[in-house]
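Residues per chain, in single letters:
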Amino acid sequence: MNDAAKHAVVLLSGGLDSATVLAVARRQGYICHALSFDYGQRHSVELQASRRLAAAMEAAEHKILHLDLGGIGGSALTDVSIAVPEQQTDGIPVTYVPARNTVFLSLALGWAEVLGARDIFIGVNAVDYSGYPDCRPEFIQAFEKLANFATKAGVEGGRFRIRAPLIEMTKAEIIRTGVELGVDYALTLSCYQADEQGRACGSCDSCRLRAQGFAEAGVADPTPYINT
């Protein structure tokens, strides 16, 4: 790897936020190594979206790692016996996947250390979001501290940075940023329970936040919905 170049690992789910983060990292001059996870989620069409985005946005490489978070259950996204809520709920919703971002960032950290990269980008947001605890600034700050204690590179004087450029933005602001950076949101998928054709339900938390974001941004929503 060229030591003079800026390399970064970018977590790429295939959704709106992660696509925008990849665009932001590229605009900042990083050579981007995209990382996605087949973790036992309800559908694999979001992984198809991640492949499309990685190719269209010229990621240097794209890895999909296989995990079994469904093996511990506890989330509507990994256990089909738990229904995905189609109305807004109080508190942290059942779509929260226990420790997901901690696991994802840990694996991204490992790959970054192997690559010699010191920057990891993640598309978490703490404004228009479902209330997941691992999307908050406190979590990002704590993980960055951990990264620099827990790695060979960190204790030898390197410094890892967890970049969360969207964390204080509204969904509308995220969409406007992506549009300015040339993101094709038709390539993305946000729905928790999309069908095999990649059509969104239009009712889950993620669909509602996405639709509201496009409306508030004044940008046409390219999402295909099951009932339209």
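Residues numbered from 1 in each chain as written. Predicted model: local features only at pLDDT ≥ 70, side-chain atom pairs only at ≥ 80, totals over all residues. Heavy atoms only, no water.

> Even after reading the chapter, I still don't get the overall build of the protein, so can you show me in this structure?
Along the protein, the regular secondary structure elements total seven helices and five strands. N-terminal to C-terminal, the α/β element order of the protein is β-α-β-α-β-α-β-α-α-β-α-α. When the backbone C-alpha atoms are referred to their principal axes, the protein occupies close to 55 × 40 × 30 Å. Going through the 228 residues of the protein one by one, you find that 49% of them count as buried. Carbon and sulfur atoms make up 50% of the accessible area of the protein, which totals about 10600 Å². Treating the 20 positive side-chain charges of the protein as one cloud and the 26 negative ones as another, the clouds have centres 5 Å apart. (Helix = DSSP H or I, 4+ residues; strand = E, 2+ residues; numbered from the N terminus. Buried < 20%, exposed > 50% of the residue type's maximum accessible area, 1.4 Å probe, protein only. Areas by Shrake-Rupley, 256 points an atom, 1.4 Å probe, with all protein chains shown as cover. Lys, Arg positive; Asp, Glu negative; His and termini not counted. Charge placed at Lys NZ, Arg CZ, Asp CG, Glu CD.)

> Whenever I open this one, the packing of helix α1 (residues 16-27) against helix α6 (residues 171-180) confuses me. Can you help?
Two numbers describe a pair of packed helices, the interaxial angle and the distance between the axes. Remark: α1 packs on α6, axes separated minimally by 9 Å, with the N-to-C direction vectors making an angle of 50°. The angle between α1 and α6 falls in the class oblique. In this structure, α1 crosses over α6, and the sense of that crossing is left-handed. Contacts between α1 and α6 involve Leu16, Asp17, Thr20, Val24 and Arg27 on the former and, on the latter, Lys171, Ile174, Ile175, Thr177, Gly178 and Glu180. The class makeup of the residues in the contact of α1 with α6 is four nonpolar, three polar and four charged. (Axes fitted to C-alpha atoms, helices over the stretch in contact; angles between N-to-C directions. Parallel < 35°, antiparallel > 145°, perpendicular 65-115°, else oblique. Left-handed = near helix turned anticlockwise from the far one by under 90°. Contact = heavy atoms within 4.5 Å. Nonpolar A, V, L, I, M, F, W, Y, C, P; charged D, E, K, R; others polar.)

> Sorry if this is basic, but what is going on with the pattern of salt bridges here?
Two side chains with opposite charge may pair up if their charged atoms get near one another. One pass over the full model with this rule turns up eight salt bridges. Two residues, Glu58 and Arg26, come together in a salt bridge whose shortest N-O distance is 3.2 Å. You can see Glu58 sitting in the loop between α2 (45-56) and β3 (61-66) and its partner Arg26 sitting in helix α1, a full 32 residues away along the chain. On the basis of relative accessible area, Arg26 is assigned to the partly exposed category, the value being 36%. (Salt bridge = Lys/Arg side-chain N within 4 Å of Asp/Glu carboxyl O.)

> Honestly, unusual backbone geometry in this entry has me stumped. Any pointers?
A negative phi holds for most residues other than glycine; trans holds for most peptide bonds. Even without glycine at this site, Glu58 takes up a positive phi of about 60°. We classify Glu58 as exposed; its relative accessible area is 60%. With a phi close to 65°, Ala99 is a non-glycine residue in the positive phi region. Considering the arrangement of structural elements, one finds Ala99 in the loop between β3 and α3 (100-115).

> I tried to follow the sheet that holds strand β1 (residues 7-11) on my own but got confused; where do I start?
Sheets are built from strands that pair by backbone hydrogen bonding, the pairs being arranged parallel or antiparallel. Spatial strand order, β3-β2-β1-β4-β5: five strands in an open sheet with parallel pairing. What marks the edges here is a single partner per strand, and that holds for β3 and β5 (161-163). Direction aside, neighbouring strands of the sheet carry axes that sit 25° apart on average. Sheet topology places strand β4 (residues 119-121) next to β5; three bridges connect them, and they run parallel. In the strand pairing of β5, Asp119 is matched with Arg161. In the packing of α1 onto the sheet, the strands contacted are β1, β2 (31-38) and β4, and the crossing angle to β1 comes to about 170°. (Pairing = 2+ DSSP bridges.)

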